[in-house]
Amino acid sequence: MAKFKNIIGTGFPKYVTDQLEARKKVVNKNTRDSKDLLWLSNRTGWYKMTSGALEPKKNEQLAKDYILQGGLASRKGGFGDSYIKGPLGFKPMPGITSLSVSTGGRWQTLLQGEVEFIAYDLDQLDILSRLYMSLGVHVFIEWGHKPYIKNNVVDTSKDTNPIDFFSFPKNANGAIALQQKVNSKKKTLEGNYGALVGRVYNFDYNANPDGSYTCKIKVMGPAALADALRISKKKGPNNDPTPDESPEKDGSDLANALISIKNTILTLLDPQNKGGVGELKGIDSPADTKETALNWLGNKIGGQKNEFGDGYYTQPSYSQILTKIYKNCNYPGPTFNKGVSYNGNSFQKFGNAHQVINQINGANTDNLQALDYNFYKGYASSLTYQKTGFLGLSTINPTYITLGHLFCLVQHLGIFVETSGEPQPAVYLDYHPDNTIVNTGAIEASIDPSICLIPFQPSPVGLSEFLSPLDVQNPETWEGQNGTKTNADKYFPNTKKDKVTNFISKRFAGDNIGDGKIFNVLINITFALNTLSSIENNKEDKVANLREYLQKILDGVNKALGKNNNFKIVSDECGLILRVIDENYIPPSIEYMTLPPFGKESIAYDYSYSSKISKNLASQIVIASQATGEDLKNLSEDVLSYFKLNNGISDRFSSVIKDAYKEDKEGKDLSKFRSPQNLFDQLVKTYTISDKDPINVGVGDTLVNYYATLQQQLTNKTCGALGGTFTGGVLIPLEMSITIDGITGILPYNAFLLPNNRLPKRYRNLVAFIVFSINHTFDNNQWKTTLRGQTIIRPEQSY
């Protein structure tokens, strides 16, 4: 299992914590030696920038001669080196005048740099324009400290040995190898070294009265392409493995592949055949010829004759279809033959796991399991739903693949490829299930199978408590209930008759209660296709944006599962890999580091924090601030995020604010049973698949929001029952900023503590600060790092 499953709210990496603790020890010493004094009083920041631009015939000599620092790295000093003869006589050599590296992008997770440098005449400007102001060309920016602390000792080495940029191959593999070297060096030097491998995406320069030119470039890591990348529209050769004359097949390669997979599943497997149980006539494991509701399509399903662009197959199989799809990609994928083969590609073997690509721990995979053929299973279900289409109402048999497999298809069919040398994608999607653990609800179930399915898991809370006051095992119908079938007679998992909790793989479950593995969710292929089509139809050029497509898929999953999550697509620190995170998931046990802003151990130059009440938060407090414990149950899900309010303080004009609906204490109002009954019926239909009637997927926001509200209420009730130390009332979020000596390795969404004596009393022992912005600046030859963050509730607290 991966060591770091998620990055939300986790503490700093160990090497960062070790470095900061070492700095605290030096600052706190009563007796200091000469090395300590040198570090304290004569610490200097350094930086350099190298161009990846190639002159004609791939000549890199000009780039080697014009490596920028405060001047040119290739010149050692003296008049002949410090000044260059130009058209107007001798001029100083060009050099960097300012450097800033910070996190940015849509969610402050993308590393980007801004470099200012000066050219002293037109000849220098011409050279620097070709090397550093060519859009899309790579530049390599490095920075660090001299001296620095390593292994608790001040290191007085004269040089931190910058990486030899020109020793790496001139292709996409070279860029990956360079990034791996950067990651290793950051760890070796305990965060005293940093680097950015990125592309120039903007620049400008201004002419000065003295004949010099002030130049500025902006550099961003590969993940910056996520906002600009569009899912490839061009059809590749023979990319239509199944015959289909529908207009959809004229779409993108991704759409064609999804349609082919759907067609294959529907052709080879008819789950209606056995009244809710799918049957396979021959699969890889002969003993496993029948599964409940959803089935793996094996290698030897035959008997159907399908036409391909290059002939006929008498025994088409799901494996053959997948192999054909991935073989036609510019970035070839896995092959399938009674299993899966990755042809030596370790990135694909481990689902582009960020630790495998970055190799932060060498070749260590953190004990990740390689993706096996189960990950690529195709599923069909005997449940049906109806959809209004161009020709009227149509009944649909859903087909499914894992969300991870969908991301894999997007990786190979939707992301542009670097073709210099061995083909590599412009950016990687990390889709290993163990790398993204997400929050789950009190009841784990999908209420919309037209979007996704997960295993039904009622524990640790039963349906009776979840749907209270509805009696889910009532042997009689109640007045106003639709139909004649009682709740007790309904076929439902873990309530009566045969259990069907295994009808979907339990691989969705995480190692701990309340954890889920988002990439094992089963995505409805029709939903994946419709989402792609909807985005394309809203674009003038009819091409979908990569991030927008993936985000809409995740938003749909969140909706179907009860809005327990807040999924976002973010980049890792190196900017080479996109990951899915759940902002509502915080690991159950975290070791936080404390950063003291005052005192003998303080390593902070500056810090501040302030309370921030958003517009929405302000209105929620007005509504909820006077609610009693009983009234709290009736408030909206947003208000319910505040567990205890105002600690007994009331208002002279309005002592209590109540819901407008008068509570029925005698239980005579049957309308309160209708919403839980509708939700119960939806779950029963989805998870028993015994009814021939189509499932209602047009449940609308009413049922979706009701489901989400129940999830939130039960979560609050469970948390409240655990007891806790919080006695303060509403915790208004605090935004803070702290500036320390420069360090790398801290990631967005890492968290740390401030000492209790620097916090208001009601916040003490309750909150941590989660980092959402990191800024590296150089001022007076000093490298400083500023962390900006916001409070989160520490997971060991009970609410």
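Residues numbered from 1 in each chain as written. Predicted model: local features only at pLDDT ≥ 70, side-chain atom pairs only at ≥ 80, totals over all residues. Heavy atoms only, no water.

Engineer: Help me out: how do you make sense of the overall build of the chain in this one?
Structural biologist: Of regular secondary structure, the chain possesses 19 helices and 34 strands. Put simply, the chain has 799 residues, and 53% of those count as buried. In the chain, once contacts between residues fewer than 6 apart in sequence are set aside, the share between residues at least 24 apart is 68%. (Helix = DSSP H or I, 4+ residues; strand = E, 2+ residues; numbered from the N terminus. Buried < 20%, exposed > 50% of the residue type's maximum accessible area, 1.4 Å probe, protein only. Contact = heavy atoms within 4.5 Å.)

Engineer: What exactly am I supposed to notice about the sheet that holds strand 27 (residues 522–524) here?
Structural biologist: Strand pairing in a sheet is mediated by backbone hydrogen bonds. Such pairs are either parallel or antiparallel. Pairing in this open sheet of four strands is antiparallel, and the strands run 17-20-27-25 from one edge to the other. Bordering the open sheet on either side are strand 17 (379–380) and strand 25 (452–453), each of which pairs with just one other strand. The pairing of strand 25 with strand 27 spans two bridges and is antiparallel. Among the inter-strand pairings, leucine 453 is bridged to a residue of strand 27, identified as leucine 522. Where helix 14 (residues 525–537) meets the sheet, it contacts strand 20 (399–402) and strand 27, and its direction lies at approximately 55 degrees from that of strand 27. (Pairing = 2+ DSSP bridges. Axes fitted to C-alpha atoms, helices over the stretch in contact; angles between N-to-C directions.)

Engineer: In this structure, what is going on with the sheet that holds strand 23 (residues 428–429)? I would like to understand it.
Structural biologist: Strand order in the open sheet formed by three strands is 23-29-28, and the pairing between neighbours is mixed. Strands with a single pairing partner mark the edges of an open sheet, and in this sheet they are strand 23 and strand 28 (567–571). Direction of pairing for strand 23 relative to strand 29 (residues 577–582): parallel, over a ladder of two bridges. Looking at the pairing, tyrosine 428 lines up with isoleucine 577 of strand 29. Contacts from helix 15 (residues 546–560) reach strand 23, strand 28 and strand 29, with the element oriented near 150 degrees to strand 28.

Engineer: Looking at this structure, I do not really get the environment of threonine 739. What am I missing?
Structural biologist: Structurally, threonine 739 is set in strand 31 (residues 734–741). A relative accessible area of 13% places threonine 739 in the buried class. Along the sequence, threonine 739 and threonine 786 sit 47 residues apart, while their C-alpha atoms lie 4.2 Å from each other. Reaching out from threonine 739, the side chain makes a polar contact with the side chain of threonine 786 at a distance of 3.0 Å. (Polar contact = N/O pair within 3.5 Å; in protein donor to acceptor, adjacent residues only side chain to side chain.)

Engineer: Would you mind showing me how to read the pattern of salt bridges here?
Structural biologist: As a working rule, side chains carrying opposite charge can pair if their charged atoms are close by. Tallying each qualifying case throughout the model produces 14 salt bridges. Ionic pairing is found between aspartate 741 and arginine 43, a salt bridge with its closest N-O pair at 2.7 Å. Here arginine 43 lies in the loop between helix 2 (34–41) and strand 1 (44–51) and aspartate 741 lies in strand 31, a separation of 698 residues in the sequence. Considered together, aspartate 741 and arginine 43 belong to a single accessibility category, that of buried residues. Here arginine 579 makes a salt bridge to aspartate 430, at a shortest N to O gap of 3.8 Å. Of this pair, arginine 579 sits in strand 29 while aspartate 430 sits in the loop between strand 23 and strand 24 (437–439); the two residues are 149 residues apart in sequence, bridging distant segments of the chain. The pair arginine 579 / aspartate 430 is uniform in exposure class, with both members buried. Residues joined in a network through salt bridges with shared partners are Glu55, Asp126 and Arg130. (Salt bridge = Lys/Arg side-chain N within 4 Å of Asp/Glu carboxyl O.)

Engineer: Where do I start with the environment of leucine 403 in this structure?
Structural biologist: Assignment of secondary structure puts leucine 403 in helix 12 (residues 403–413). In this structure leucine 403 comes out as buried when scored by relative accessible area, which is 0%. Put simply, leucine 403 and valine 557 are 154 residues apart on the chain and 9.6 Å apart in space, counted from C-alpha to C-alpha.

Engineer: What should I look at first to understand the pairing of strand 31 in this one?
Structural biologist: Residues in a regular strand point their side chains to alternate faces of the sheet. The element strand 31 is extensively covered by neighbouring structure, given that six of its eight residues are classed as buried. Of the strand pairs in this sheet, strand 30 (residues 604–611) and strand 31 are connected by seven bridges, and their pairing is antiparallel. Bridging from a neighbouring strand, tyrosine 607 pairs with isoleucine 738 of strand 31.

Engineer: Is there a simple way to explain the packing of helix 12 against helix 15 in this structure?
Structural biologist: Think of two packed helices as two axes; the pair is described by the angle between the axes and how far apart they sit. At a minimum axis distance of 12 Å, the contact between helix 12 and helix 15 shows a crossing angle of 170 degrees. Our classification of the angle between helix 12 and helix 15 gives roughly antiparallel. Residues Leu403, Leu406, Phe407 and Val410 of helix 12 form the contact with helix 15, whose participating residues are Leu546, Tyr549, Leu550, Ile553 and Leu554. For the contact of helix 12 with helix 15, the residue count by class is nine nonpolar, no polar and no charged. (Parallel < 35°, antiparallel > 145°, perpendicular 65-115°, else oblique. Nonpolar A, V, L, I, M, F, W, Y, C, P; charged D, E, K, R; others polar.)

Engineer: How should I be thinking about helix 12 in this particular structure?
Structural biologist: An α-helical turn contains 3.6 residues, so a residue and the one three or four places further along point in the same direction. Most of helix 12 sits inside the fold, with eleven of its eleven residues counted as buried. For helix 12, the complete set of buried residues consists of Leu403, Gly404, His405, Leu406, Phe407, Cys408, Leu409, Val410, Gln411, His412 and Leu413.

Engineer: Would you mind showing me how to read the nonpolar core here?
Structural biologist: In this structure, Leu258, Ile523, Tyr549 and Leu679 are the most contacted members of the largest nonpolar core, which totals 94 residues. For leucine 258, the residues in contact, after removing those within four places along its chain, are Ile401, Leu406, Leu409, Ile525, Ala528, Leu529 and Tyr549. Counting residues in each nonpolar core, the second largest holds 48 residues, with Ile67, Val115, Phe117 and Ile163 among its members. (Core = buried A, V, L, I, M, F, W, Y, C linked by side-chain atoms within 4.5 Å.)

Engineer: Honestly, the confidence of the model for the chain in this entry has me stumped. Any pointers?
Structural biologist: As a general rule, the predicted coordinates of low-pLDDT regions are not to be interpreted in detail. Residues with a pLDDT of 70 or more make up 73% of the chain, whose mean pLDDT is 78. Confidence drops under pLDDT 50 across residues 495–503; counting only partners more than four residues distant or on other chains, this segment forms 23 contacts. For the stretch residues 720–729, pLDDT sits under 50, and the model shows 18 contacts to residues farther than four places along the chain or on other chains. (pLDDT = per-residue confidence, 0-100.)

Engineer: In this structure, what is going on with the packing of aromatic side chains? I would like to understand it.
Structural biologist: Inspection of every chain in the model, using the stated rule, returns 19 aromatic pairs. Note on phenylalanine 598 and tyrosine 607: the rings are 5.7 Å apart at their centroids and 85 degrees apart in plane angle, and the pair reads as edge-to-face. A relative accessible area of 16% places tyrosine 607 in the buried class. Through pairs of rings, three or more aromatic residues link up here, namely Tyr326, Phe336, Phe375, Tyr376 and Tyr431. Against the face of phenylalanine 166 rests lysine 64, its NZ or CZ located 5.6 Å from the ring centre. The ring of tyrosine 605 has lysine 784 sitting right over it, with the charged end atom 4.3 Å from the ring centre. (Phe/Tyr/Trp six-rings, centres within 6.5 Å; stacked < 30°, edge-to-face > 60°. Lys NZ or Arg CZ within 6 Å of the ring centre and 35° of its normal.)

Engineer: Explain unusual backbone geometry to me, please; I cannot follow it from the model alone.
Structural biologist: Residues other than glycine predominantly adopt negative phi, and peptide bonds predominantly adopt the trans conformation. Following lysine 146, the chain continues into proline 147 via a peptide bond in cis, with omega recorded as -10 degrees. Mapped onto the secondary structure, proline 147 falls in the loop between strand 6 (138–146) and strand 7 (148–150). Between serine 468 and proline 469 the backbone carries a cis peptide bond, its omega angle lying at 15 degrees. Looking at where proline 469 falls in the secondary structure, it is placed in the loop between helix 13 (463–466) and strand 26 (515–517). One non-glycine residue, asparagine 151, lies in positive phi territory at about 55 degrees. The topology assignment puts asparagine 151 in the loop between strand 7 and strand 8 (153–155). Despite not being glycine, lysine 563 shows a phi value in the positive range, around 55 degrees. Secondary-structure assignment places lysine 563 in the loop between helix 15 and strand 28.

Engineer: Help me understand the packing of helix 1 (residues 14–28) against helix 2, please; the structure alone is not making it clear to me.
Structural biologist: For the pair helix 1 and helix 2, the least separation of the axes is 10 Å and the interaxial angle reads 105 degrees. On the basis of their axis angle, the class for helix 1 and helix 2 is roughly perpendicular. The residues of helix 2 that touch helix 1, namely those facing Arg23, Val26 and Val27, are Asp36, Trp39 and Leu40. Broken down by class, the residue content of the contact of helix 1 with helix 2 amounts to four nonpolar, no polar and two charged.

Engineer: Honestly, the pairing of strand 20 in this entry has me stumped. Any pointers?
Structural biologist: Taking every second residue as pointing to the same face, both faces of strand 20 are buried, with Thr399 and Ile401 on one and Tyr400 and Thr402 on the other. Relative to strand 20, strand 17 runs antiparallel, the two sharing two bridges. Paired with tyrosine 379 across the strands is tyrosine 400, a residue of strand 20. Strand direction decides the pairing type here: strand 20 and strand 27, joined by three bridges, are antiparallel. Paired with threonine 402 across the two strands is leucine 522, which belongs to strand 27.

Engineer: I'm lost on the environment of tyrosine 318 in this one. Help?
Structural biologist: Note that tyrosine 318 resides in helix 9 (residues 318–327). Between the alpha carbons of tyrosine 318 and phenylalanine 336 there is a distance of 8.9 Å; along the sequence they are 18 residues apart.

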